[in-house]
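Residue-level listing of the chains:
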Amino acid sequence: MADLKAQKRQKFEHAFEVIRDELLAHFASNGMPKDAQEWYRKNLDYNVPGGKLNRGMSVVDSVEILKGRALTEDEYFKAAVLGWGVELLQAFFLVSDDIMDASITRRGQPCWYRTENVGMIAINDSFMLESAIYYLLKKHFRQESYYVDLLDLFHETTYQTEFGQLIDLITAPEDHVDLSKFSLEKHRLIVVYKTAYYSFYLPVALALHVSGVKAIPNSPKDPFTIASEILIPLGEYFQVQDDWLDFSGTPEQIGKIGTDIIDNKCSWCINTALAKATPEQRAILDANYGKKDSVAEQKVKDVFYQVGVPETFHKYEEDSYKKIIGLIETIPEGGLGADGEVKLKREIFKSFLDKIYKRQK
Ligand code: GPP
Ligand code: MG
Ligand code: MG
Ligand code: MG
């Protein structure tokens, strides 16, 4: 089982080498100089392949489940291009998010903008990671009837993520801490937009398009709408885990140093603590949250422990799992769709949920 997982990952990583070489060959064919070619290669290698790859591999896994059989080499590669498209989008977001969040490390190494000679060139590097998606889509999908659907989906999802990033950032001003502005409703809006669409809806919607599933606009039977009704809550749960790990995980474990308390973020942990704090504890939170100082950060963490944020999280995790299983079971056991058509199947969502349930990084 573990072996099969490792093999799957290896195969997906191998596709990255091919895709990266296509991007580099195209770049070189525009007469770009050797030092720029090396720069672009380093940007791609440093920022794209080193994560958990859940998002990218979910495209391939979902296509396999939808087709109900092993993929041909050609089908596999096309699904992998879309999967790496999601990973490129994620790399674009993370390189720029780390600048905006003043983060230190990512995936166990310094954030790209903090590496030697990079600095603010990382902004342009992040743009190139995004644009690479559209080069690849054109190269591999220009002839397909659903090409425009892929373009639309990547564009719309990017825009939604940017909405979410905006509200994440303006809810966390650097120079003005006001915890009364936070709420779990605000948190939900932030995380659905900044994380759930691109991390959960996008991979499955791509798999549906490449498998020939058609949208049924304005219908309660639309497979894309039905998928999003499960995937958005799944993404919300995932980002609550991210907030929890930012507070409780060690850098060795999560590959990044948590910055949410220092950055004044409207995270799940602070909202949970605010709901449970006594007036004394609330005063400690008010005085120490969002301060660029590790003593203040520790005081906030102490209150998080005192009010039972860990216990509340574990309960939340169990409840979310049950809730999402319930949503998955609204899909008929034999799949959703007419005979002879590609059917939406429970296993797509179950396999995605299993990838993240009780994750430690
Ligand atoms: C995760 O937030 C959200 C993103 C990475 C989306 C960024 C969107 C942009 C348009 C740049 P986070 O800051 O909690 O992630 P992490 O904890 O990994 O830094
Ligand atoms: Mg952020
Ligand atoms: Mg961040
Ligand atoms: Mg985070």
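Quick caveat: nothing in here was measured; it's all calculated off a predicted structure.

Rules behind the numbers
- Residues numbered from 1 in each chain as written.
- Chains lettered and ligands numbered in written order.
- Predicted model: local features only at pLDDT ≥ 70, side-chain atom pairs only at ≥ 80, totals over all residues.
- Heavy atoms only, no water.
- pLDDT = per-residue confidence, 0-100.
- Helix = DSSP H or I, 4+ residues; strand = E, 2+ residues; numbered from the N terminus.
- Near = heavy atom within 4 Å.
- Polar contact = N/O pair within 3.5 Å; in protein donor to acceptor, adjacent residues only side chain to side chain.
- Nonpolar A, V, L, I, M, F, W, Y, C, P; charged D, E, K, R; others polar.
- Domains from an automatic or database assignment.
- Axes fitted to C-alpha atoms, helices over the stretch in contact; angles between N-to-C directions.
- Parallel < 35°, antiparallel > 145°, perpendicular 65-115°, else oblique.
- Contact = heavy atoms within 4.5 Å.
- Salt bridge = Lys/Arg side-chain N within 4 Å of Asp/Glu carboxyl O.
- Buried < 20%, exposed > 50% of the residue type's maximum accessible area, 1.4 Å probe, protein only.
- Donors = N, O, S within 2.8 Å, 3.2 Å for Na, K, Ca; no water.
- Lys, Arg positive; Asp, Glu negative; His and termini not counted.
- Phe/Tyr/Trp six-rings, centres within 6.5 Å; stacked < 30°, edge-to-face > 60°.
- Lys NZ or Arg CZ within 6 Å of the ring centre and 35° of its normal.

### With respect to the confidence of the model for the protein chain
When the pLDDT values of the protein chain are averaged, the result is 96; 100% of them are 70 or greater. The ipTM assigned to the predicted complex is 0.98, against a pTM of 0.96.

### Considerations on the environment of Q10
You can see Q10 is positioned in helix α1 (residues 2–29). Along the sequence, Q10 and Y201 sit 191 residues apart, while their C-alpha atoms lie 24 Å from each other.

### Quick word on the site of ligand 1
Close to ligand 1 lie 14 residues, the nearest being D97, D101, R106, K194 and K256. Between ligand 1 and D97, the relevant distance is 3.0 Å, taken from an oxygen atom to a side-chain nitrogen or oxygen of the residue. Secondary structure elements with two or more residues in the shell around ligand 1: α4 (73–100), α6 (147–170) and α8 (223–248). Among the elements that line the shell around ligand 1, the one with the most residues is α4, at five residues. Along the lines of polarity and charge, the residues of the shell around ligand 1 split into three nonpolar, four polar and seven charged. Looking at the shell around ligand 1, you find at least three residues from each of domain 1 (1–143) and domain 2 (150–361).

### Description of the packing of helix α2 (residues 34–47) against helix α5 (residues 121–141)
Running from N to C, α2 and α5 cross one another at 80 degrees; their axes reach a closest spacing of 11 Å. Between α2 and α5, the crossing angle belongs to the class labelled roughly perpendicular. For the pair formed by α2 and α5, the contact residues are W39, Y40, N43, L44 and N47 on the first element and I121, D125, M128, L129 and A132 on the second. Here the residues of the contact of α2 with α5 sort into seven nonpolar, two polar and one charged.

### A closer look at the pattern of salt bridges
For the structure on display, the rule yields 24 salt bridges. The shortest N-O distance in the salt bridge between R20 and E17 comes to 3.8 Å. Here R20 and its partner E17 are both found in helix α1, three residues apart, which amounts to about one turn of the helix. Note on E17: relative accessible area 38%, which makes it partly exposed.

### A word on helix α10 (residues 268–276)
Residues that lie three or four places apart on an α-helix share one face, since the helix turns once every 3.6 residues. In terms of residue burial, α10 counts as a mostly covered element, since seven of its nine residues are buried. For α10, every residue scored as buried is listed here: W268, C269, I270, N271, T272, A273 and L274. Those residues of α10 that are buried lie in contact with α7 (184–210), α8, α11 (279–288), α12 (294–306) and α13 (309–328).

### Topic: the coordination of the magnesium ion (ligand 2)
Around the magnesium ion (ligand 2), the donor atoms from the protein are D97 (OD) and D101 (OD), and they sit 2.1 to 2.2 Å away. The distance between the magnesium ion (ligand 2) and the magnesium ion (ligand 3) is 3.1 Å, with D97 acting as a donor to both metals. Per residue, the accessibility class of D97 equals that of D101, and both read buried.

### Thoughts on helix α14 (residues 346–356)
What α14 keeps buried is the set I348, F349, S351, F352, L353 and I356. Here the buried face of α14 lies against α3 (54–67), α7, α8 and α13. At the exit of α14 stands K358, carrying a positive phi of roughly 55 degrees.

### Focus: unusual backbone geometry
With a phi angle near 65 degrees, L53 is a residue other than glycine that sits in the positive phi range. Structurally, the position occupied by L53 is in the loop between α2 and α3. Positive phi outside glycine occurs at A102, with the angle close to 50 degrees. Secondary-structure assignment places A102 in the loop between α4 and β1 (105–106).

### Quick notes on the side chain of D243
In this structure, D243 sits in helix α8. Comment: no salt bridge for buried D243; closest opposite-charge side chain is K194, at 4.9 Å. A polar atom in the side chain of D243 sits 2.7 Å from the side chain of H187. Contacts of D243, omitting those with residues within four sequence positions, involve H187, D260, S267, W268 and C269.

### Side note on the packing of aromatic side chains
With the rule as written, the count across this model stands at 23 aromatic pairs. With centroids separated by 5.6 Å and ring planes inclined at 50 degrees, the aromatic side chains of W268 and Y316 adopt a geometry described as tilted. With a gap of 48 residues between them, W268 in helix α10 and Y316 in helix α13 connect regions that are remote in the sequence. Residue W268 is classed as buried on the basis of its relative accessible area, which comes to 5%. An aromatic cluster of at least three residues, connected via ring pairs, comprises Y237, W244, F247, W268, F304, Y305, F313 and Y316. Between the NZ or CZ atom of K11 and the centre of the ring of Y76, over which it lies, the distance is 4.3 Å. One cation-aromatic arrangement involves R359 over F238; the distance from NZ or CZ to the ring centre is 3.8 Å.

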